[in-house]
Amino acid sequence: MTRHFSIRLLLAGLLALAAGGFLNAQQSKWAPDPKQPVDEDYTKKIKEYTTAPYFLSPLVDYLPASKTVPTPRAIIGDIAGAPGKLPYSAQIHEYMRMLEKASPRVKVISVGKSEEGREMIAVAIADAALIARLGENTSRLAKLADPRTIKLDDAEADRLVAASTPIYYITGALHSPETGSPTALMELAYRLAVDEAPYIKAIRSNVITMMTPVVEVDGRDRQADIYNWHLAHPKDNWPPLIYWGKYLVHDNNRDAMGATLALTKNVINFFVDQNVQLLHDLHESVPYLYDNTVGDGPYNAWVDPILADEWQLLGWNNMSEMTKFGMPGAFAHGQFDTWSPGYLMFIAAMHNGTSRLYETFGNGGADTVERTLRPGEYARTWYRQNPPLPKAMWSQRNNNNYTQTGLLTSLSYYAANNKLFLKNFYLKAKRSVLKAKTEGPAAYVFPADDPHPGLQADLLRVLQTQRCEISRATAPFTVTLPAKKKSSRPSDDAPGNDQGKPADQKKDEKAPEIRQFPAGTFIVRMDQPYSRIADALLDYQYWSPSDPQKNPYDDTGWTFGELFNVQVVRVTDAKVLEAAMQPVKGEVKAQGTVNGLGTVYAVNHDTDPRLIALRYRLKDVAFEAAEEPFEAAGRKFNRGSFLLKGSQAADIQKVAEELGLQVHALALAPTVKTHQVKVPRIGYVHTWLGTQDEGWWRLALDNLKIPYDYISTQTVAKTPNLNAKYDVILFPPVGRSAQQVIAGMPMWGNPLPWKKTELTPNIGNEDSTDDMRPGLGWEGVARLEGFVRNGGLLITTDDTTDLAVTYGLTQGVALQRSQRLKAPGAVVRSRFVDLASPIAYGYDENLSVYLSEGVILSVSNTLGGRGGRFGGDTGRPTGRGTVDDPDMPQGRVFQEPPADPKVEPWQATPVTDEQLRNGINVIPVQQRPRVILRYSDARDLLVSGLLDGGSEIAQRPAVIDVPLSKGHVILFSPNPVWRGETKGSYSLVFNAILNFDNLDAGRKFDDR
Ligand SMILES: [Zn+2]
């Protein structure tokens, strides 16, 4: 033993002493009240169900006893986090109401109902005096939330801050397979109501804790069913939770922009009505507690910097406390970027509050099992000095310990700094009001003469759902719009049309524009408390391809005006705020009327999604679609406009008013070529593999009340004559490969039922099966092909497009997966190639679409050809003359070679004489693919978000109509129905449905 070594030992001893002293100080900070009795039995169970002492903290290693307030045992039959116990939402709510009855410190507030009618609740916990005067506190907070009410008076704000208590709102079980938060919150509610530890008393007096133990109430009950099935079949594999809520699975945490789900609307309204300061959303996926409050860059560009600072304060402090408890695997930072405002927690970030999110570690149920982590999960990193263990026995109780410990330390810190956060809340609100004149813009303007009034109203209603105020101009007004800057975007390496043609600089340098807007124009003022959410949704996004963050966590672009195909003018001229205007009371709605007199009714096609609803609502009225634009009653009607004939004037009036559509009664039918618009019978196909992406389609159809049969790929395979039942089959994206859709799940192991039984009463509402495993199969592919050949229309997107192309339903179409393209949820520009196609009815030349690494398509006039220009043009060969001259063999008479036809990347190469000599593979002209929409040229492809390698998809077909015998397959490359954000492209799908038997209308056939 060397001297060297003994000094090290001595040092280690000193350090240990210091650490011990420190720990004692920490323990005293969190010490329980020695006078309060402990629930010995409950405490014993906590220790029993926790798999190792370091998975427990001094905050939750005991439960205080109460003579009057029941513990979670009263409902669960065991302690919170006990193995084998997963209570239903109603049981969880029942417990919270028991707490309310037993303690003046607890109050239950109803938050709203889910799509399936289940209740969402919030539980408020604080000192009895605070709970008794919750209303008074809320009205003070309301003044801080809207500083205009106190004329932005900081001194008055300080008085309000001094008199008020902030609200810390915790939300659990948004993601149904993440099962731990409800029991953690049941026990936390009990502790906050009962525990007399000094630090808990401080929380109770200085913060009003509110919690929604289950956000996705429908999904929670299905998950509890599945877990009970698993307990009853312990040796079997259990069915995956294919449905969480009625429509969505994990994307229920991507709805905070479009706000389409009941749960999102409920949380927005609760947050705003209660004037909440902080929203802390609980998730499970990362071992053992990842506080992604700090997150990673890029941060959302529209949040107040004060919020970004709060994230640091809360996140680092929280983890610094957790580190001292010695609990492994508690860390902040990590790879989650904070760019998209689509997460539920971002309701707080966009409404002047503070957003937070935990990922703890769950077992997807309440089994205690050994969990083995991946090296990336247990590695020590600079921000995770005490990483999770590579292997550990893990229980739901461990998970509950982490969640509660994290929350209690957070609440304690928040209580100690409650006035700081309350003042910040006011400052953020004030800066949101001042935004119009500081960073701007002053307002967003929606012109009254927008040709898409229905879509405009839809977008304004999204803002109203976000609780933004909308105003309407009562007189025309003018503003100065800044000169458009010359684009500094580097030209792409595309082989595109415009390549090498430098933009005419003089054309780009425009002078400032004076623009007049008519009376009736909508104005979203930026001098209101919720200006930030409007700005974030309506502005453009740019994510640099060289951003250090290489893995965007979610969509990078979402510009709502573009995706709704609505004019939105960003106005920086503060004069706009002086325009004569009035606040809009009630929901913005396009006006629906019937004008004129006559028995022919014309409805302009302006791509309003409600046009399809009109057809289904008036199913007994004869509808025709005009194949050309026309004029009647002194106005212009777009191609595709409806002509209704019939005597049901009262019905037409009623439905037009309800839908907000303008109907023009004409004395005479206009002379224009028309075709009949039937009421198509729709089959809507889903798989048993995933319902995430299709859920957005279902939601869109249901909102418009479009009837359809919801059938699985198994039903398709078993239905001999699909044509007898359906005119149109919609096959929305699955999120799986074509091969998987056909194969289904592996057939080994036990059957996986998805159906309503006594044991699983909440399962099988949408669709049911005795066994989820079988897929579409070859039989199903054959049925779909037969359906199309017999005159049906099949509509596919992304991976189902892949399926249709790969398995031979679309002659003359080739498909590639991208190699270089990077478009993780971006907005891109597209152009119509064939405006005469019924699919294009109502559209102008350009359309912004949502793209997320879409399939790359090309068309060909021959079978087996790759079509388009996958190979690329090689130019002239080496020889005599200049680059534009022909080569000229010497010693013979020169023969001029035939001119090469100019073929664009979205077009098919004309058939050659050589191919026609024995034209076995030449597709007859009537059966060739028809490209309707293409992606724009590389240089102007990007609208919003991150786009790299765009030349790979630039100019490629985006929507193709492929005839097959008597029917059609319509292939989408971009997803036209996404997250309630893409209403501008919905009509591409609806047009196809309505014109399923006249898709060749307006088609011009090539000679070759
Ligand atoms: Zn989650």
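Here is a short report on the structure shown in this document. (Residues numbered from 1 in each chain as written. Predicted model: local features only at pLDDT ≥ 70, side-chain atom pairs only at ≥ 80, totals over all residues. Heavy atoms only, no water.)

Remarks on the sheet that holds strand S17 (residues 522-525)
Read across the sheet, five strands follow the order S18-S13-S17-S14-S19 without closing on themselves; strand pairing throughout is antiparallel. Edge positions in the open sheet fall to strand S18 (569-571) and strand S19 (581-583), since each of these has one partner strand only. The mean angle between the axes of side-by-side strands here comes to 30 degrees, regardless of whether they run parallel or antiparallel. Pairing of strand S13 (residues 443-446) with S17, which is carried by four bridges, proceeds in the antiparallel orientation. In the sheet register, Tyr 444 faces S17, and the bridge partner there is Val 524. (Pairing = 2+ DSSP bridges. Helix = DSSP H or I, 4+ residues; strand = E, 2+ residues; numbered from the N terminus. Axes fitted to C-alpha atoms, helices over the stretch in contact; angles between N-to-C directions.)

So, the environment of Asp 844
In this fold, Asp 844 is placed in the loop between strand S33 (826-832) and strand S34 (846-851). Given the relative accessible area of 47%, Asp 844 is considered partly exposed. Note: C-alpha distance between Asp 844 and Asp 281 (563 residues apart in sequence) is 42 Å. The residues contacting Asp 844, other than those within four sequence positions of it, are His 452, Phe 832 and Leu 835. (Buried < 20%, exposed > 50% of the residue type's maximum accessible area, 1.4 Å probe, protein only. Contact = heavy atoms within 4.5 Å.)

Examining empty space enclosed by the protein
Per the counting criterion, the structure on display carries eight cavities of 30 Å³ or more. Empty space within the largest cavity amounts to approximately 50 Å³. Contributing to the lining of the largest cavity are Glu 115, Glu 216, Gly 245, Lys 246, Tyr 247, Leu 248, Leu 261 and Leu 263. When its residues are assigned to classes, the lining of the largest cavity shows four nonpolar, one polar and three charged. (1 Å grid on protein atoms, 1.4 Å probe; cavity = no way out; pocket = protein on both sides within 12 Å on 5 of 7 lines; lining within 4 Å. Points joined across faces, edges and corners; volume = space filled by probe spheres on them. Nonpolar A, V, L, I, M, F, W, Y, C, P; charged D, E, K, R; others polar.)

Focus on the coordination of the zinc ion
Bound to the zinc ion on the protein side are His 175 (ND1), Glu 178 (OE), Glu 178 (OE) and His 283 (ND1), at distances that span 2.1 to 2.4 Å. Taken together, the four donor atoms coordinating the zinc ion and their angles of 56 to 148 degrees define a geometry best described as irregular. Since its relative accessible area comes to 7%, His 175 is described here as buried. (Donors = N, O, S within 2.8 Å, 3.2 Å for Na, K, Ca; no water. Tetrahedral: all angles 85-135°; square planar, octahedral: opposite > 155°, others 65-115°.)

Quick word on the pairing of strand S15 (residues 477-481)
Burial along S15 is one-sided: Phe 477, Val 479 and Leu 481 are buried, while Thr 478 and Thr 480, pointing the other way, are not. In this structure, S15 lies alongside strand S16 (residues 513-517), joined through five bridges in antiparallel fashion. For Thr 480, the partnering residue across the bridge sits in S16 and is Ile 514.

Observations concerning unusual backbone geometry
For the peptide bond that leads from Pro 287 to Tyr 288, omega is -25 degrees, which places it in the cis range. Mapped onto the fold, Tyr 288 is located in the loop between strand S5 (278-284) and strand S6 (289-291). In this model, Gly 440 is joined to Pro 441 through a cis peptide bond whose omega is 0 degrees. Among the structural elements, Pro 441 can be located in the loop between helix H16 (418-434) and S13. With phi around 65 degrees, His 333 is a residue other than glycine that occupies positive phi space. Given the relative accessible area of 14%, His 333 is considered buried.

Overview of the packing of aromatic side chains
Tallied over the full model, the rule gives 39 aromatic pairs. A ring pair is formed by Tyr 288 and Trp 394, whose centres lie 4.3 Å apart and whose planes are at 5 degrees; its orientation type is stacked. You can see Tyr 288 sitting in the loop between S5 and S6 and its partner Trp 394 sitting in strand S12 (residues 391-394), a full 106 residues away along the chain. Accessibility assignment for this pair places Tyr 288 and Trp 394 in one class, buried. (Phe/Tyr/Trp six-rings, centres within 6.5 Å; stacked < 30°, edge-to-face > 60°.)

Things to note about helix H21 (residues 610-617)
An α-helical turn contains 3.6 residues, so a residue and the one three or four places further along point in the same direction. Among the eight residues in H21, seven count as buried, and that is most of the element. Looking at H21, one finds that the buried residues are Arg 610, Leu 611, Ile 612, Ala 613, Leu 614, Arg 615 and Tyr 616.

A closer look at the pattern of salt bridges
Between side chains of opposite charge, a pair can form when the charged atoms approach closely. Counting across every chain of the model gives 57 salt bridges. Residues Asp 458 and Arg 461 are paired through a salt bridge, measuring 2.6 Å at the closest nitrogen-oxygen approach. With a gap of three residues between them, Asp 458 and Arg 461 both fall in helix H17 (residues 453-465), about one helical turn apart. A relative accessible area of 5% means that Asp 458 is categorised as buried. For Arg 773, the salt bridge goes to Asp 771, with nearest N and O atoms at 2.7 Å. (Salt bridge = Lys/Arg side-chain N within 4 Å of Asp/Glu carboxyl O.)

Some points on the packing of helix H9 (residues 198-206) against helix H15 (residues 396-416)
Taken N-terminus to C-terminus, the directions of H9 and H15 make an angle of 60 degrees; their axes are 9 Å apart at the nearest point. Here H9 is positioned oblique relative to H15, judged by the angle of their axes. The hand of the H9/H15 crossing is left-handed. Between H9 and H15, the residues in contact are Tyr 199, Ile 200, Ala 202, Ile 203 and Asn 206 and Leu 408, Leu 411, Ser 412 and Ala 415, respectively. When grouped by side-chain class, the residues that make up the contact of H9 with H15 number seven nonpolar, two polar and no charged. (Parallel < 35°, antiparallel > 145°, perpendicular 65-115°, else oblique. Left-handed = near helix turned anticlockwise from the far one by under 90°.)

Brief notes about helix H10 (residues 217-232)
Between the first and last C-alpha of H10 there are 23 Å, a value that for 16 residues agrees with the 22 Å anticipated at 1.5 Å per step. Most of H10 is tucked away: 13 of the 16 residues are buried. (Expected span 1.5 Å × (residues − 1).)

Brief notes about the sheet that holds S5
Here we have eight strands laid out as an open sheet, ordered S1-S2-S4-S3-S5-S10-S6-S8, and mixed in their pairing. In this open sheet, the two strands that pair with only one neighbour each are strand S1 (106-113) and strand S8 (330-332). Across the sheet, the axes of successive neighbouring strands diverge by a mean angle of 20 degrees, strand direction being ignored. Relative to strand S10 (residues 354-360), S5 is paired through seven bridges, and the arrangement is parallel. Across the sheet, residue Leu 278 finds its bridge partner in S10, namely Thr 354.

Brief notes about the nonpolar core
If you look at the biggest cluster of nonpolar residues, it comprises 177 residues, and the most contacted ones within it are Met 96, Met 211, Phe 446, Leu 463 and Val 576. Discounting chain neighbours no more than four positions away, the residues touching Met 96 are Val 106, Val 108, Ile 121, Val 123, Leu 185, Met 186, Ala 189, Met 211 and Pro 213. By size, the runner-up hydrophobic cluster in this structure holds 84 residues, among which are Trp 244, Ala 700, Ala 826 and Val 849. (Core = buried A, V, L, I, M, F, W, Y, C linked by side-chain atoms within 4.5 Å.)

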